[in-house]
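# Breakdown of the fold
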Amino acid sequence: MLRHPHPPFFGMNRRQFIGGASAAAAFGAMGGFRPALAQVEPQLSMMGWADYIAPENIQAWEQANSSKLVYDNYASNDEMYSKLQLAQGNSGYDLGMNTDFMIKLLIDKGLIQKLDKSLIPNIGNILPDFAKPDFDPENAYTVPKSTGSQGFIYDKTVITRPMKSWGDFLEAVENEASGQTSLLDDPLAIAPLFWSKGLSWNTTEESALKDAETRVESLAKHIKAFNSYPVQEVASGSVILAQCWNGNAKQAIDSSGNQNLVFVYPEPKSELWLDSYHIPTGAKNLKAAHSWINYVLDPQVAAREITYTGFLSPVSGADKNLDAAVASSPLIFPPAEAIQRGERTQRNETYDRRIAILTKFKAAAAQ
């Protein structure tokens with residue numbers, strides 16, 4: 001039983017999402033190239049996941065605002081948190097993003113600041129199922145960016161048996177994909193050890209944590225890399241099995257053109273997540289930060305984000321601007337049964353323990 005129930009959207013199927021957009025899309029019919037609401041600063045510094053914003057959206061925003069977007073990548077939510085915590089208001093970033101479980105910690109630690117909603121008129125375009133999440137019930141600090149799920153991708157010409165579960169994944173790690181497997185560079189790298197047994201990876205059971213800690217010692221020798229963005233490795237064939245998020249799997253398949261690559265939403269459990277934009281405390285270019293947030297809440301802009309990243313956008317009306325192939329892609333719209341199996345990460349009393357297990361796992365794999 002999940003401690004935090006999924007928002008209603010995660011019960012939607014693709015058809016319901018496509019048909020459920022509100023009249024707010026009419027505002028986006030003018031397109032994402034409107035003049036800026038106010039004069040913005042000449043630079044916007046942002047930090048987030050790799051390859052997570054459509055280049056054409058960046059170019060259009062820069063042109064409309066006579067500003068430059070400077071983007072830095074991070075490998076995990078904890079990396080972003082650590083940077084903000086160490087900087088104590090002097091990170092140099094005007095805009096960041098994190099996954100649902102991290103947001104409350106950022107708020108409680110005073111590491112992000114409240115939004116000026118008067119500068120975000122498009123905030124009304126957020127689909128109701130994503131507005132006012134439990135970690136920020138008034139959207140005082142955040143606006144949702146993207147949502148998706150987790151699974152694994154593999155080359156079916158190398159791993160030829162059926163692959164449906166996390167148990168199948170772990171078996172392949174130790175056999176066909178030994179030495180050619182990539183795991184997330186994130187505490188979630190150890191989640192399959194729990195999910196394969198039907199357990200929540202948020203478990204507080206000491207026996208389950210001890211089992212995972214023991215298992216990583218033997219599993220480590222089979223791991224090639226810990227990489228939260230294994231798109232190029234999968235596309236090139238240097239990795240034949242990778243734990244990844246659904247949009248990254250789509251990017252790997254699209255960039256390689258390899259129809260033998262298969263993405264699986266595994267049984268019996270997996271992850272669902274929601275990433276949100278936030279403004280770090282001490283940000284200097286506040287007009288630019290709010291301008292970007294408002295811009296990406298435009299339906300046409302949001303549709304380009306979906307198409308490029310392979311992840312769903314929480315913007316109402318984005319569906320009206322999607323090509324049919326995108327709107328029907330199971331790599332973007334998880335099937336209902338996969339959604340029902342999903343859970344969110346919790347930053348509970350065992351989270352630090354799970355980080356410690358990952359650290360031990362990575363150290364053993366490097367030997």
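My aim in this report is to walk through the structure given alongside it, one point at a time. (Residues numbered from 1 in each chain as written. Predicted model: local features only at pLDDT ≥ 70, side-chain atom pairs only at ≥ 80, totals over all residues. Heavy atoms only, no water.)

Time to look at the overall build of the protein chain. The helix and strand inventory of the protein chain stands at 15 helices and eleven strands. For the protein chain, the proportion of its 367 residues judged to be buried stands at 56%. Look at the contacts in the protein chain between residues 6 or more apart in sequence, and 79% of them connect residues 24 or more apart. Taken as a whole, the protein chain presents about 14800 Å² of accessible surface, with 51% of it coming from carbon and sulfur. (Helix = DSSP H or I, 4+ residues; strand = E, 2+ residues; numbered from the N terminus. Buried < 20%, exposed > 50% of the residue type's maximum accessible area, 1.4 Å probe, protein only. Contact = heavy atoms within 4.5 Å. Areas by Shrake-Rupley, 256 points an atom, 1.4 Å probe, with all protein chains shown as cover.)

Moving on, we get to the packing of helix H3 (residues 55-65) against helix H12 (residues 299-309). Viewed as axis vectors pointing N to C, H3 and H12 meet at an angle of 150 degrees, and their least axial separation amounts to 9 Å. With respect to H12, the element H3 is oriented roughly antiparallel. Where H3 abuts H12, its residues Pro55, Glu56 and Asn57 lie against Val301, Arg304, Glu305 and Tyr308. (Axes fitted to C-alpha atoms, helices over the stretch in contact; angles between N-to-C directions. Parallel < 35°, antiparallel > 145°, perpendicular 65-115°, else oblique.)

Summed over the entire model, instances satisfying the criterion amount to 14 aromatic pairs. Ring geometry for Tyr52 and Phe311: centres 5.9 Å apart, planes at 85 degrees, overall edge-to-face. In this pair, Tyr52 sits in the loop between strand E1 (43-48) and H3 while Phe311 sits in the loop between H12 and helix H13 (324-327), placing the two residues 259 residues apart along the sequence. For Phe311, a relative accessible area of 4% corresponds to the buried category. (Phe/Tyr/Trp six-rings, centres within 6.5 Å; stacked < 30°, edge-to-face > 60°.)

Attention shifts here to the pairing of strand E8 (residues 241-245). Across the five residues of E8, five count as buried, placing the element largely inside the fold. Burial along E8 is two-sided: the face carrying Leu241, Gln243 and Trp245 and the face carrying Ala242 and Cys244 are both buried. Relative to E8, strand E5 (residues 142-155) is paired through five bridges, and the arrangement is antiparallel. Note that in E8 the partner of Tyr154 across the bridge is Leu241. (Pairing = 2+ DSSP bridges.)

Compared with an ideal rise of 1.5 Å per residue, which puts 14 residues at 20 Å, helix H8 (residues 206-219) spans 20 Å between its outermost C-alpha atoms and is within 8% of the ideal. Along H8, the residues classified as buried are Ala208, Leu209, Ala212, Val216 and Leu219. Down the axis, H8 shows its buried residues gathered within 95 degrees of arc, on one side only. Elements that come into contact with the buried residues of H8 comprise helix H6 (166-173), helix H7 (191-195), strand E7 (223-226) and helix H15 (351-365). (Expected span 1.5 Å × (residues − 1). Arc of directions from axis to C-beta.)

Take it as geometry only, folks, not as evidence of what the structure does.
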